[in-house]
Amino acid sequence: MRVLRFLLEKEFRQIFRDPAILRLMLIMPVIQLILLPLAANYEVKDVLIAVIDHDHSTLSRRMVEKITSSGYFTLTGYTSRNEEALNLVEKDKADIILEIPAHFEATLLREEEAPLMLSVNAVNGTRANLGAGYLTSILQSFNQQIRQQWLRLPRMPDQPQIEVTYTNWFNPLMNYRQFMVPGIIVILVTMVGSFLTALNIVKEKEVGTMEQINVTPVKKQYFILGKLIPFWVMGQIVLTIGLVVARIVYGIIPVGNIGLLYLFSSVFLLAILGLGLLISTYAQTQQQAMLIAFFLMMIFILLGGLYTPVESMPPWAQTITRFNPVSYFIEVVRMVVMKGSGFSDISRQLGIMGVFAVVLNVWAILNYHKRA
Amino acid sequence: MLQQFLAFVKKEMLHILRDTRTLFILFGMPIAQITLFGFALSNEVKNSGVAILDPARDDDSRALIDRIDASKYFDVVSYLHTPQEIDRAFKSGKVKMALIFPQRFSNDLHHTNKATVQMIADASDPNVATTITQYASVIINDYQKELSPAQIPYRIKSEVRMLYNPQLKSAFNFVPGVMAMVLLLVCTMMTSISIVREKENGTMEVLLASPLPPILVIIAKAVPYLLLSMVNVATILLLSVYVLELPIAGSLALLVGESILFTITALSLGLLISTITNSQQIAMMISLVGMFLPTLMLSGFMFPIENMPIPLQVMSNIVPAKWFYLIVKDVMIKGLGISAIWKETLILVGMTLFLLTIALKKFKIRLS
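Since this is a predicted model, take the numbers as computed values, not measurements. Going along each chain's sequence as written, the residues are numbered from 1 onward. Chains and ligands are labelled by the order in which they are written, letters from A for the one and numbers from 1 for the other. Where totals are concerned, whole chains, interfaces and linings use all residues; where local detail is concerned, this predicted model gives features only for residues with pLDDT of at least 70, and gives and counts side-chain atom pairs only at 80 or more. Only hydrogens and water are set aside when side-chain values are computed; all heavy atoms of the structure are taken into account.

Caption draft 1: Geometry of the overall build of chain B. Only DSSP runs of H or I with at least four residues qualify as helices, and only runs of E with at least two residues qualify as strands; both kinds are numbered from the N terminus onward. For chain B, the count of helices and strands is 14 helices and five strands. Note that the radius of gyration is over C-alpha atoms, with the globule rule given as 2.2 Å times the number of residues to the power 0.38. By the compact-globule yardstick of 21 Å for 368 residues, chain B is too spread out, its C-alpha radius of gyration being 28 Å. If one aligns the C-alpha atoms of chain B with their principal axes, the spans along those axes are about 95 × 45 × 40 Å. The buried label goes to any residue with under 20% of its type's maximum accessible area, the exposed label to any with over 50%, and the partly exposed label to all in between, with areas taken from a 1.4 Å probe on protein chains only. Per-residue burial over chain B gives 57% buried out of 368 residues. We call two residues in contact whenever any of their non-hydrogen atoms come within 4.5 Å of each other. Counting only contacts in chain B whose residues sit at least 6 apart along the sequence, the fraction spanning at least 24 positions is 77%. Each accessible area value is a Shrake-Rupley result obtained with a 1.4 Å probe; residue values ignore everything except the protein chains displayed when judging cover. Carbon and sulfur atoms make up 64% of the accessible area of chain B, which amounts to about 15,700 Å² in all. His residues and chain termini do not enter the charge count, which takes Lys and Arg as positive and Asp and Glu as negative. Charged groups are reduced to one reference atom each: NZ for lysine, CZ for arginine, CG for aspartic acid, CD for glutamic acid. Taking the average place of the 31 positive charges on the side chains of chain B and the average place of its 26 negative ones, the gap between the two points comes to 10 Å.

Caption draft 2: Here's a closer look at the pattern of salt bridges. Counted as salt bridges are all cases of a side-chain nitrogen of Lys or Arg within 4 Å of a carboxyl oxygen of Asp or Glu. Taken as a whole and judged by the stated rule, the model has 19 salt bridges over all chains. Notably, a salt bridge pairs A:Asp92 with B:Lys329, separated by 3.9 Å at the nearest N-O pair. Residue A:Asp92 is found in the loop between helix H4 (82–90) and strand S3 (96–100), and its partner B:Lys329 is found in helix H13 (residues 320–334); the two belong to separate chains. Residue class for B:Lys329 comes out buried when judged on its relative accessible area of 11%. In this structure, the salt-bridge partner of B:Asp87 is B:Lys91, at a minimum N-O distance of 3.4 Å. Taken together, the residues span about one helical turn, with B:Asp87 and B:Lys91 both in helix H4 (residues 84–91) at a distance of four residues.

Caption draft 3: Just the pairing of strand S2 (residues 74–80) of chain B, in detail. Residues and elements named next belong to chain B. Of the strand pairs in this sheet, strand S1 (residues 48–53) and S2 are connected by six bridges, and their pairing is parallel. Looking at S2, one finds that Ala-51 is bridged to Ser-78. Read from S1 through helix H3 (residues 59–70) to S2, the crossover connection turns out right-handed. We treat two strands as partners when DSSP finds at least two bridges between them. For the handedness criterion, the strands are oriented away from the viewer, and a crossover whose path from the first strand over the helix to the second runs clockwise is classed as right-handed.

Below you can see the structure in the form of structure tokens.
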């Protein structure tokens, strides 16, 4: 036990002696937490629209007015030449082209049906889909409006109508930051846990101090514990900083029990530290450790549901996600912080995380040899 | 002179090829990224869990529930009995939306011609919430239209045509971004680290003492990474054309030329980083934190730039990857020529010259 205490003292001293690492551990998360959520906003608003009007009727002008007054669209071009509108799309100055064919109003009156053409810049599929959706629903309500006006329809509906009411729970203002901040806290904790542990151990290998420790009577479990405990503590500190920043900067107060978050992060950190340890047993140089850790982190983050929902991935990717510890933590943090989920809701994830912790650490210890 | 230079390039090549683990990752990274971004990631929302509270249990409500369940966007995962259970369903995390029918749904619908369906979305992810409520409304709307077979007068029929990407694949948006990311990573991080490593190990002095001018020593270090990047560009393009079925709409030569230009920009950046630090760890941190994150965030392929606060929008202009992303998008996907991208190209050239000048000025021939 005394050996462990000395080792811990050594590790903590090393961490505090190197201001670069310390800064990295404490200031970086704060900066990232403040900057990242500002950038990560997928909301589709202010869709740019160009109108090709071959009709030039009262109706076509009223329609354009209706579209621009909706608040979703900005009119960036109003022309009667197709090339001009296409040019705007090529320059990214228009997302949607609305083409009103010649004699639109006349056709609508005479034949009861008239076509409109929407051409959507679909390089970004999501934006295209939502933009086209907004526009179609505006056109529908415009259609309804003129129909009522021309036919003088009664106020009571003459056909069955299903009215839909919407309620948004847990985030009624649809604030994207509420959603991103908890996820980013998880990423920061993961970075500290896996990256820094792996780098720290490999550094000892590279500098040659590993051999020195190996020739001492220090047992390998003490050495490993001596490495893991400081970073476990660091991980919890980063989580705390994250929650404090979330509260001060974004006003996010966890709805659920904070104790649950720490309980989960204790187990999560064990798992992720085991991963860092495992990386360090395979890497010989810091560069290698860094690249392996980076590679894994990329997969963990991208397949973790931070940016894109796990449900929309193809089945094989969802299977990979089940072996991704980060995705469970992101899920749990969001559940507890935003919805106030309780222990019984997250017990399944907690159990799985426990299995991860055991498997990764056992693997790492088996793979760690007290030889250079 | 040339022979000496080639000898240096060869030495550097051998260094890289000897380190199989790093090499494996350098080549594996683009493949993994393209596959991940191309297949696994999409912003399209599919298979969202739906909870149903249907006290009516009549023909119309059942038909509507069947429609919802049959669509690829939704899976009905639970039937609730009391309104109190809604909260529990959301908290368990399996349900993204709850649909609540009134007591007498069919009755209301056919006798008063008006029935209300309540839709509650889990808005913790606002994007998913907006998208699924829209999908569900469309399904309900279609159902309602079928209930009234009589022809409605004065119909405006809008035909939607998706330009460039008719199947709305997310790969179209991601591939140019991944190209920018991989090239930047390989060039900036690897060059800076390989130069700083020589400093750390003390072999830099040996190199500088050689008869080759110091500038050429540095260039010889950059050349192998330029070649490596070209291999990566080829891998990415082949994968996206043959695996993701994303055709190159514009000129291949132009695309390759622009990639070389961007690689040189990234190499200059790596060079600059290597002149200001002496430790590998710090060089890695600068290239990862200082380069990678801004590239991911501010180049516009992950997050729309127009949604960011103004200071970040201004900052995005100094991120080289943003310009390269615009170029690749225009050439590869929209099929535009040099006339559409000359401005972006000039900006990249300017950045490269600027970075190179500073790096070479800062480069010290003597160590310590």
